[in-house]
Amino acid sequence: MADDSIQEDRLSYLVSVLLDFKGTRIREFCQSKLDSGADPFTVFGELQAGLEEIGKGYEDPRFRRYFNSDLIVSGRNMKRAIELLKPLLPPRKDGKGHVVIGTVAGDVHDIGKTIFAVTLESDGFIVTDIGVDVPCARFVEAVRKNAPDILAMSSLLTTTLPEMRNVIKGLSDAGFRNKVRIIVGGHAVTEGFAQSIGADAYGRDCVEGLRKCRMLMQERK
Amino acid sequence: MPDAHAGKEMRIFFLYSGPFGEQIINTVSLGGLGDQVSGAYELRPEHILVPGGDTEGSESLFENPERYIPTDFPVAQADLLIILGIHGRLSDLVPCIARRLGVRSVLYPIDDRDTIPEAKKTISDELTEFGIYIEFPEPFCSLQRSGDPCINEFLKFFGRPLLKVITDPGSGIIHHIEVIRDTPCGSASCIAGKLAGADSGDLDTLSRFCYDEQHNDEADNYCLAEMDPRYPLMQEAGDLLKDALFEGCGHPATKDTILSVLRQSGETGVEDLAMQVVGLPCSMTASGCITRRAFDLYLRELKEEHRIVITSSSTVMLI
Ligand code: B12
């Protein structure tokens, strides 16, 4: 019981940090975490729990506690945290492989995708981030132009999931499917869905995603 | 009834929730009305509505709202109560709170479908019974005039954006923009500040800048209205801002375009007119809006201004 209420207090504190529209509290939060010796990924992880809480409050049909404006402001603050923490990640040791990453067409969520990109970079991958709301043709073009080892796609919306299938088909039609390994992830994606569309891997979060990317590189060798 | 407050400055009280409300309170306070804010109170749903608890149903709240006013609610007086983003179910508390504060008017903007008051009509009726005026602008920045003096006082500062663009007479380069009326979220003055040095004749760039910048979350102030394509309040706010800028520059805005289409084509069906105006690219002779909502708003206004008539068979004619 006591643990529950500590957890609740913790979450409501994280939510209040994420909902400060001026961004002062997120800066203070990140700084104090770093001062106490936490590494950037731990900070991302904590903030993600706060975002989950906002997402739950947004989605709960019986008791909706958060609204569109809360999603926008929390997203903005998460981006502020990424800007602040990115330079503090361990120095890059390039050369593990090249990943092209983007969020599929119709979806503008870029936080998870960006954190995953940063995770890969700090592990030594070279990452080409082609942004959000990326149409199929642009994914295909990026694969043609960069000849990456891996293509990573993110989708947070259930409605945009079919786009992932589309991109894989687009790559096959253009003759690139056998030249690149594909990993998918994001809030809306499941392992089963990844398999059903013929992706090579799925990552529930950045840590699993990184492990899978390392595996894909091993398989490639 | 003698007005005890006549001649004094209008006092404003905010009942709000979340960053949507905070941003507006911040803008209003910094934008000229700070001295007139008599108080603000954050009404979070968690404080009152407990899932599974006895207050979950709106019934008891509806029947006995006074009981649910938080005990730490401040003792304050105000003329205008502005409600910002509170949970729709908590709107039952508004009449009680309005009377406690002694307000004459209530401004209840709707910038998100999910915050629409559950009992809009009941609230209106109840307030009207007590002689309190209420208005529900949707989105907030669409409001430019009101039937109420208090709200009109507020609209001298905030509401539908109104801009005066000062350009260099030779080059047409924007020297500066005077913000006569800012959007309540502050995005209009934020954008105006960034437009100094832009070419007032480059309509495409100006309009694109408006639409992009209006919800750019990298800016100090930005639109937080709902953006769902099925209920595009944010996009409509973008239209209103683009038109304010075009009017300020002396370029044809959407309303001018509606009138000029009617001048050329004569009586036109509403749907046909919408097809010609919504999505029309900007040029020196015409410019459209991107949302049907803005088009419908302009049409209503032109009708109220007695510049057009809309017939029973849904055709539009110039007067
Ligand atoms: C912030 C936010 C927004 C912000 C985004 C700002 C930005 N710059 O990104 C804004 C306001 C723009 C937004 C808009 C909308 N949103 Co939103 N949003 C959120 C919220 C609260 C947080 C998302 C987030 O950043 N999470 C944190 C990151 C770190 O998590 P993540 O993205 O899942 O990423 C992790 C993993 O999934 C993984 N990962 C991510 N990508 C990839 C890729 C690969 C390859 C791998 C291996 C791993 C991986 O790694 C990350 C770290 O572990 C979520 C709620 C939630 N619980 O997630 C809703 C949520 C995603 N949004 C939702 C909705 C409905 C919307 C809107 C449709 C709302 C509306 N009516 O307008 C719009 C859609 C706009 C559009 N066309 O895209 C729903 C989606 C429901 C669904 N299943 O379809 C959610 C789940 C909220 C909810 N519970 O209802 N949103």
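All right, on to the domain arrangement of chain A then. The figure often quoted for interface size is the accessible area lost as the parts come together. All names here are of chain A. In terms of domains, chain A is made up of domain 1 (2-88) and domain 2 (97-220). Measuring from the centre of the C-alpha atoms in domain 1 to the corresponding centre in domain 2 gives 26 Å. Between domain 1 and domain 2, the contact holds 8 residues from the first and 9 residues from the second. Taking both partners together, domain 1 and domain 2 bury about 730 Å²; carbon and sulfur atoms supply 80% of that area. Contact with domain 2 buries area across many residues of domain 1, yet F41, I82 and K86 alone supply 53% of it, more than any other trio. The interface formed by domain 1 and domain 2 contains 1 salt bridge. Applying the counting rule to domain 1 against domain 2 returns 0 residue pairs in polar contact (both at pLDDT 80 or more).

Before going further, it helps to examine the coordination of the cobalt atom of the ligand. Among protein atoms, the single one acting as a donor to the cobalt atom of the ligand is A:H109 (NE2), 2.4 Å away. With respect to the element layout, A:H109 can be found in the loop between β1 (97-103) and α5 (111-122).

Neighbouring the ligand are 39 residues, the closest being A:V108, A:H109, A:D110, A:S154 and A:T158. Chain contributions to the surroundings of the ligand come from chains A and B. Here an oxygen atom of the ligand sits 2.7 Å away from a polar atom, N or O, in the main chain of A:V108. Contributing elements (two or more residues each) for the shell around the ligand: α3 (40-59), α4 (68-85), α5, β3 (150-154), β4 (181-185) and α9 (206-220) of chain A. The leading source of residues in the shell around the ligand is α3(A), at 6 residues. Broken down by class, the residue content of the shell around the ligand amounts to 16 nonpolar, 14 polar and 9 charged.

What describes a pair of aromatic rings is the distance from one ring centre to the other and the angle between the planes of the rings. Residues and elements named next belong to chain B. Enumeration over the complete set of coordinates arrives at 8 aromatic pairs over all chains. On the basis of an interplanar angle of 40 degrees and a centroid distance of 5.4 Å, the ring pair of Y108 and F136 is categorised as tilted. With Y108 in the loop between β4 (105-107) and α5 (120-129) and F136 in the loop between β5 (133-135) and α6 (149-155), this pair connects stretches of sequence that are 28 residues apart. Like F136, Y108 is buried. With centroids separated by 5.9 Å and ring planes inclined at 5 degrees, the aromatic side chains of F140 and F154 adopt a geometry described as stacked. In this pair, F140 is assigned in the loop between β5 and α6 and F154 in helix α6, connecting sequence segments 14 residues apart. A relative accessible area of 3% means that F140 is categorised as buried. When the ring centre of F130 is taken as reference, the NZ or CZ atom of R99 above it lies at 3.8 Å.

Let us look at the environment of A:R220. Residue and element names in this part refer to chain A. Mapped onto the secondary structure, R220 falls in helix α9. With 39 residues separating them along the chain, R220 and R181 place their C-alpha atoms 8.6 Å apart. Not counting chain neighbours up to four residues away, the residues in contact with R220 comprise P148, D149, K179, V180 and R181.

Right, let's get into the pattern of salt bridges. Residue and element names in this part refer to chain A. Going through the model one piece at a time under the given rule, you end up with 42 salt bridges over all chains. In this structure, the salt-bridge partner of K96 is D123, at a minimum N-O distance of 2.7 Å. Of this pair, K96 sits in the loop between α4 and β1 while D123 is found in the loop between α5 and β2 (125-129), placing the two residues 27 residues apart along the sequence. Residue class for K96 comes out partly exposed when judged on its relative accessible area of 35%.

All names here are of chain B. Two elements, strand β6 (residues 162-167) and strand β7 (residues 174-181), share 6 bridges in a ladder whose sense is antiparallel. Bridging from a neighbouring strand, I166 pairs with H176 of β7. Two successive antiparallel strands, β6 and β7, enclose a turn made up of 6 residues, where G172 displays a positive phi of approximately 80 degrees.

So, about the nonpolar core. Ranked by size, the top nonpolar core spans 50 residues in total, and within it B:I82, B:L84, B:F154, B:I258, B:L273 and B:F295 carry the most contacts. The element contributing the most residues to this core is helix α12 (residues 292-304) of chain B, with 6 residues. In this structure, B:L84 is in contact with B:F14, B:L15, B:Y16, B:S17, B:F20, B:G21, B:I24, B:I25, B:P109 and B:F140, ignoring residues within four places of it in sequence. Core analysis: the second largest hydrophobic core is formed by 38 residues, A:I115, A:L120, A:A152 and A:C213 among them.

The next subject is the sheet that holds β1(A). Residues and elements named next belong to chain A. Spatially, β2-β1-β3-β4-β5 is the arrangement adopted by the 5 strands of the open sheet, whose pairing is parallel. Since the sheet does not close on itself, it has two edges, and those belong to β2 and β5 (201-203), each with one partner. In this sheet, adjacent strand axes meet at a mean angle of 25 degrees when their direction is disregarded. One ladder, built from 5 bridges, connects β1 with β2; its direction is parallel. Residue pairing across strands places I101 opposite D129, the latter belonging to β2. Relative to β1, helix α6 (residues 136-146) is tilted by about 165 degrees, and along the sheet it contacts β1, β2 and β3. Against the sheet, helix α7 (residues 162-173) engages β3 and β4, with an angle of about 155 degrees to β3.

This part is about the interface of chain A and chain B. On the side of chain B, 28 residues touch chain A, which itself brings 17 residues to the contact. Taken over both partners, the interface formed by chain A and chain B buries close to 2,000 Å², and the fraction arising from carbon and sulfur atoms is 54%. Among the residues of chain A in contact with chain B, A:F21, A:F63 and A:F67 are the three that bury the most area, contributing 32% of the side total. Joining chain A to chain B, the criterion identifies 4 salt bridges. As a salt-bridge pair, B:E218 and A:K79 come within 3.9 Å of each other at their nearest N and O atoms. For the interface between chain A and chain B, the tally reads 7 residue pairs in polar contact (both at pLDDT 80 or more). Grouping the constituent residues of the side of chain A that touches chain B by class yields 7 nonpolar, 2 polar and 8 charged.

Moving on: the domain arrangement of chain B. Residues and elements named next belong to chain B. Along its sequence, chain B is organised into domain 1 (12-154), domain 2 (160-245) and domain 3 (252-319). Averaged C-alpha coordinates put domain 1 and domain 2 at centres separated by 28 Å. Listed per partner, the contact involves 17 residues of domain 1 and 20 residues of domain 2. Three residues, Q23, R113 and C141, lead the burial of domain 1 against domain 2; their summed loss comes to 39% of the area buried on that side. One can count 2 salt bridges joining domain 1 with domain 2. Ionic pairing is found between R113 and D228, a salt bridge with its closest N-O pair at 3.3 Å. At the boundary of domain 1 with domain 2, the tally comes to 11 residue pairs in polar contact (both at pLDDT 80 or more). Looking at side-chain class alone, the side of domain 1 that touches domain 2 contains 9 nonpolar, 4 polar and 4 charged residues.

Analysis parameters
Residues numbered from 1 in each chain as written. Chains lettered and ligands numbered in written order. Predicted model: local features only at pLDDT ≥ 70, side-chain atom pairs only at ≥ 80, totals over all residues. Heavy atoms only, no water. Domains from an automatic or database assignment. Contact = heavy atoms within 4.5 Å. Buried area = accessible area lost by both parts, 1.4 Å probe. Salt bridge = Lys/Arg side-chain N within 4 Å of Asp/Glu carboxyl O. Polar contact = N/O pair within 3.5 Å; in protein donor to acceptor, adjacent residues only side chain to side chain. Donors = N, O, S within 2.8 Å, 3.2 Å for Na, K, Ca; no water. Helix = DSSP H or I, 4+ residues; strand = E, 2+ residues; numbered from the N terminus. Near = heavy atom within 4 Å. Nonpolar A, V, L, I, M, F, W, Y, C, P; charged D, E, K, R; others polar. Phe/Tyr/Trp six-rings, centres within 6.5 Å; stacked < 30°, edge-to-face > 60°. Buried < 20%, exposed > 50% of the residue type's maximum accessible area, 1.4 Å probe, protein only. Lys NZ or Arg CZ within 6 Å of the ring centre and 35° of its normal. Pairing = 2+ DSSP bridges. Core = buried A, V, L, I, M, F, W, Y, C linked by side-chain atoms within 4.5 Å. Axes fitted to C-alpha atoms, helices over the stretch in contact; angles between N-to-C directions.

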